[in-house]
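# Residue-level structure breakdown
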Amino acid sequence: MYEIKYPTGSTVMLEYDDEKHTYMVDGYKVPSVTRVIDSVTPKHLTDWAAKAGADWWHDNRELVHTNEEVCEGIRNAYKEIGDTAKDIGSEVHKWIELYIKVKMIDGETVTDYPDQVKVPMENFHKWLKTRTIEWLTCEEKIYSKAWKFAGTVDAVARINGKLCVIDFKTSAKVYKEYYLQLAAYSEAISSMMGEDVDLGVIVRLDKEEDKFQEVAFKPENYFYAFVNALELKAFQSERIKKEKL
């Protein structure tokens, strides 16, 4: 259970189920930012899954001996790739969370990482060297009283004096739905802090190459696109009343 405090003095008790990734307020489930966006944005998974299956067959065609093995390998290739990427992303977020929390109490931070996360974490430290950062919160639960959505924000900080909501990614590129995600987080953070967020900041940490990508933008420019997504998600869950002609 998390107590969300607002500048007006009001509070909201937010219940979070980590296993199901669900949020509850006053006994009612409220939509999470990521699930709202996932429900309305194309993922192009069909082409990617087909390519994953084709690549698996190319790499394993001399190692399999039955049609059943071929079908099983092609069918599950994309799942194995996706699960591996998700695991790496999750581990990177844990190490970043540890770094930020230790940094916020002026503790001794870690710089030597397991092989699985070594490259993205080295890219994280390279990004840190390019900015003057005052960390404010990390992995903070948020709730928008006005729009009734919830989520978990990677980090909030002042970068070069500007209030920024930050999201760390280990994806292959910066996808447009990330802008909606940070726009939603920024609206909630602004209402919780009583201060307008200056910038949303996406930091993509490459998992394989020695590079990172930073994208900063005005989150208010994309918030109403997120509101449209929120409304479309509600429509998808709505039972349509049928009328007689």
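Each remark here, short or long, concerns the structure printed above.
Definitions and cut-offs
- Residues numbered from 1 in each chain as written.
- Predicted model: local features only at pLDDT ≥ 70, side-chain atom pairs only at ≥ 80, totals over all residues.
- Heavy atoms only, no water.
- Helix = DSSP H or I, 4+ residues; strand = E, 2+ residues; numbered from the N terminus.
- Buried < 20%, exposed > 50% of the residue type's maximum accessible area, 1.4 Å probe, protein only.
- Contact = heavy atoms within 4.5 Å.
- Pairing = 2+ DSSP bridges.
- Arc of directions from axis to C-beta.
- Axes fitted to C-alpha atoms, helices over the stretch in contact; angles between N-to-C directions.
- Salt bridge = Lys/Arg side-chain N within 4 Å of Asp/Glu carboxyl O.
- Right-handed = clockwise from strand over helix to strand, strands pointing away.
- Polar contact = N/O pair within 3.5 Å; in protein donor to acceptor, adjacent residues only side chain to side chain.
- Core = buried A, V, L, I, M, F, W, Y, C linked by side-chain atoms within 4.5 Å.
- Phe/Tyr/Trp six-rings, centres within 6.5 Å; stacked < 30°, edge-to-face > 60°.

We now examine the environment of Ser-191. Here Ser-191 is to be found in helix H5 (residues 177–193). For Ser-191, a relative accessible area of 27% gives the class partly exposed. In this structure the C-alpha to C-alpha distance between Ser-191 and Lys-145, which are 46 residues apart in sequence, comes to 8.2 Å. The contact partners of Ser-191, leaving out residues within four places of it in the chain, are Tyr-6, Pro-7 and Tyr-143.

The two faces of strand S2 (residues 11–17) differ: Val-12, Leu-14 and Tyr-16 on one face are buried, but Thr-11, Met-13, Glu-15 and Asp-17 on the other face are not. Two strands pair when backbone bridges link them, and strand S1 (residues 2–5) and S2 are joined in this way by four bridges, in the antiparallel orientation. Each bridged residue has a counterpart across the sheet, and for Glu-3 the counterpart in S2 is Met-13. Hairpin connection between S1 and S2: a loop of five residues separates the two successive antiparallel strands, and Gly-9 in this loop has a positive phi of roughly 100 degrees. Counting the residues in the hairpin turn of S2 and strand S3 (residues 22–25) gives four residues, including His-21, whose phi is positive at 55 degrees.

Here the focus is helix H1 (residues 33–40). All of the buried residues in H1 are Val-33, Val-36 and Ile-37. One side of H1 carries all its buried residues, which in axial view fall inside an arc of 90 degrees. Looking at the buried positions of H1, the neighbouring elements they touch are strand S6 (150–159), H5 and helix H6 (223–237).

This next bit is on the sheet that holds S2. Read across the sheet, four strands follow the order S1-S2-S3-S4 without closing on themselves; strand pairing throughout is antiparallel. Each edge of the sheet is formed by a strand with only one pairing partner; in this case those strands are S1 and strand S4 (28–30). With strand direction ignored, the average angle separating the axes of adjacent strands in the sheet is 40 degrees.

Evaluation of the coordinates by the stated rule reveals twelve salt bridges. The closest approach of N and O atoms between Arg-75 and Glu-72, which form a salt bridge, is 2.9 Å. Remark: Glu-72 and Arg-75 occur in helix H3 (residues 67–104); sequence separation between them is three residues, near one turn of the helix. Arg-75 gets classed as partly exposed once you look at its relative accessible area, which sits at 47%. Residue classification places Glu-72 among the partly exposed residues on the basis of a relative accessible area of 41%. Ionic contacts of the salt-bridge type, sharing partners, join the residues Asp-112, Lys-118 and Glu-122 into one network.

Further remarks concern the environment of Lys-126. Checked against the element boundaries, Lys-126 lands in helix H4 (residues 115–128). When neighbours within four sequence positions are excluded, Lys-126 is seen to be in contact with Asp-210 and Phe-212.

Another point: the pairing of strand S8 (residues 199–205). Consecutive side chains along a regular strand alternate between the two faces of the sheet. In terms of burial, S8 is largely enclosed, as seven of its seven residues are buried. By the alternation rule, side chains of S8 split into Leu-199, Val-201, Val-203 and Leu-205 and Gly-200, Ile-202 and Arg-204, which are all buried. With six bridges connecting them, strand S7 (residues 162–169) and S8 associate as parallel partners. In the sheet register, Lys-169 faces S8, and the bridge partner there is Arg-204. Remark: the S7/H5/S8 crossover connection has right-handed handedness. In this structure, S8 lies alongside strand S9 (residues 212–217), joined through six bridges in antiparallel fashion. Its bridge partner lying in S9, Val-203 is registered against Glu-214.

This next bit is on the side chain of His-125. With respect to the helices, strands and loops of the structure, His-125 is situated in helix H4. A polar side-chain atom of His-125 sits 2.6 Å from a polar atom in the side chain of Tyr-113. When residues no more than four places from it in sequence are discounted, the contact partners of His-125 are Tyr-99, Val-110, Thr-111 and Tyr-113.

Turning to the nonpolar core, a few remarks are in order. The biggest cluster of nonpolar side chains holds 39 residues, and the ones touching the most others in it are Ile-142, Tyr-143, Phe-149, Val-165, Ile-202 and Phe-226. When sequence neighbours within four positions are dropped, the list of residues in contact with Val-165 reads Val-153, Ala-155, Val-156, Leu-182, Tyr-185, Ser-186, Ile-189, Val-197, Leu-199, Gly-200 and Val-201. Of all hydrophobic cores here, the second largest spans 23 residues; its members include Tyr-99, Phe-124, Trp-127 and Leu-199.

What follows deals with the packing of aromatic side chains. Using the criterion set out here, one finds 16 aromatic pairs in the structure. Each ring, one from Phe-124 and one from Trp-127, has its centre 6.3 Å from the other, and the planes form 35 degrees; the classification is tilted. With Phe-124 and Trp-127 both in helix H4 and three residues apart, the pair spans about one turn of that helix. The exposure class assigned to Trp-127 is buried, which follows from its relative accessible area of 0%. An aromatic cluster is built from Tyr-99, Phe-124, Trp-127, Trp-135 and Phe-168, whose rings are joined through pairwise contacts.

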